Amino acid sequence: MAHSSKDRCGALSVEVALCLPLLFMLLFGCYEMARANMLLHATESAAYEGARVGIIPGATKEKITAAASQILHSVGISDFTVEVTPSTIERDTPVVEVTVKVPFSKNMALPAMFMKNPTFSGVCKLSREIP
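Calculation rules
- Residues numbered from 1 in each chain as written.
- Predicted model: local features only at pLDDT ≥ 70, side-chain atom pairs only at ≥ 80, totals over all residues.
- Heavy atoms only, no water.
- Buried < 20%, exposed > 50% of the residue type's maximum accessible area, 1.4 Å probe, protein only.
- Helix = DSSP H or I, 4+ residues; strand = E, 2+ residues; numbered from the N terminus.
- Pairing = 2+ DSSP bridges.
- Expected span 1.5 Å × (residues − 1).
- Contact = heavy atoms within 4.5 Å.
- Core = buried A, V, L, I, M, F, W, Y, C linked by side-chain atoms within 4.5 Å.
- Axes fitted to C-alpha atoms, helices over the stretch in contact; angles between N-to-C directions.
- Parallel < 35°, antiparallel > 145°, perpendicular 65-115°, else oblique.
- Left-handed = near helix turned anticlockwise from the far one by under 90°.
- Salt bridge = Lys/Arg side-chain N within 4 Å of Asp/Glu carboxyl O.

**Some thoughts on the pairing of strand β1 (residues 81–85)**
And step 1. Of the two faces of β1, the one lined by Val-82 and Val-84 is fully buried and the one lined by Thr-81, Glu-83 and Thr-85 carries no buried residue.
And step 2. Where β1 lies against strand β2 (residues 95–103), five bridges are found, and the strand directions are antiparallel. By the bridge assignment, Thr-85 is partnered in β2 with Glu-97.

**Observations concerning helix α2 (residues 61–74)**
And step 1. For α2, which comprises 14 residues, the first-to-last C-alpha distance of 20 Å matches the rise-based estimate of 20 Å (1.5 Å per residue) to within 8%.
And step 2. Every buried residue belonging to α2 is among Ile-64, Ala-67, Ala-68, Ser-69 and Leu-72, and all of these are buried.
And step 3. Buried positions along α2 lie against α1 (11–54), β1 and β2.
And step 4. Once α2 ends, the next one or two residues include Gly-76, with phi positive near 85°.

**As for the nonpolar core**
And step 1. Counting residues in hydrophobic clusters, the biggest one holds 22 residues, and the most contacted among them are Leu-72, Ile-77, Val-82, Val-98, Val-100 and Val-102.
And step 2. Where this core is concerned, the elements lending two or more residues are α1, α2, β1, β2 and β3 (119–127).
And step 3. With near-sequence residues (within four places) excluded, Val-100 lies in contact with Thr-43, Ala-46, Ala-47, Ala-68, Leu-72, Thr-81, Val-82, Phe-120, Ser-121 and Gly-122.

**Some thoughts on the environment of Ser-127**
And step 1. Position of Ser-127 relative to the elements: it lies in strand β3.
And step 2. Linking Ser-127 and Thr-93, residues 34 residues apart in sequence, is a C-alpha distance of 8.8 Å.
And step 3. Beyond its immediate sequence surroundings of up to four residues, Ser-127 is in contact with Ile-55, Pro-94 and Val-95.

**What about the sheet that holds β3?**
And step 1. With respect to topology, three strands assemble into an open sheet ordered β1-β2-β3, the strand pairing being antiparallel. The sheet is open, and its two borders are formed by β1 and β3, each paired with just one other strand. The mean inter-strand angle of the sheet, taken between neighbouring strand axes irrespective of direction, is 15°.

**Details of the packing of α1 against α2**
And step 1. At a minimum axis separation of 8 Å, α1 and α2 run at an interaxial angle of 150°. Comparing their axes, α2 and α1 come out roughly antiparallel. α1 and α2 meet at a crossing whose hand is right-handed. On the side of α1, the interface is formed by Ala-42, Thr-43, Ser-45, Ala-46, Glu-49, Gly-50, Val-53 and Gly-54, while α2 contributes Lys-63, Ile-64, Ala-67, Ala-68, Ile-71 and Leu-72.

**A look at the pattern of salt bridges**
Opposite charge on two side chains permits pairing when their charged atoms draw close.
And step 1. Summed over the entire model, instances satisfying the criterion amount to two salt bridges.
And step 2. Glu-49 serves as the salt-bridge partner of Arg-52, at 3.5 Å between the closest nitrogen and oxygen. In this pair, Arg-52 and Glu-49 are both assigned in helix α1, three residues apart and thus about one turn of the helix distant.
And step 3. A relative accessible area of 40% places Arg-52 in the partly exposed class.
And step 4. Between Glu-83 and Lys-101 there is a salt bridge, with its nearest N and O atoms 4.0 Å apart. Of this pair, Glu-83 sits in strand β1 while Lys-101 sits in strand β2, placing them 18 residues apart in sequence.
And step 5. Among the residues examined, Glu-83 registers a relative accessible area of 39% and is labelled partly exposed.

Note that every value here comes from positions in space, so none of it alone points to a role or purpose.
Structure below.
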């Protein structure tokens, strides 16, 4: 028994109305997870690069912050904080710790739908080269 085209007049509209929201939710969810993954890795890389600058003799908090900021700005992250411990690096400072924090919602092109405002944090602690 063959169906005529008159019997399926609104079937396409119903199928699109049911499937399109699911497709968009899947696409936006993938975008959000990919951006979160990129933010996490950039945060960890920035902390590591900042700590690498901090272990060199003559390093300052400003140089460390600039190195971490350069990594973050290169991937489009604009809102972040960089903390350096100790705040003043002396000649005999044995360890430098750099903490980078990036709020998720302030670094998204679209409003987050699935994640509720986490803050990604990267920490790196390295021993200094003492001359």
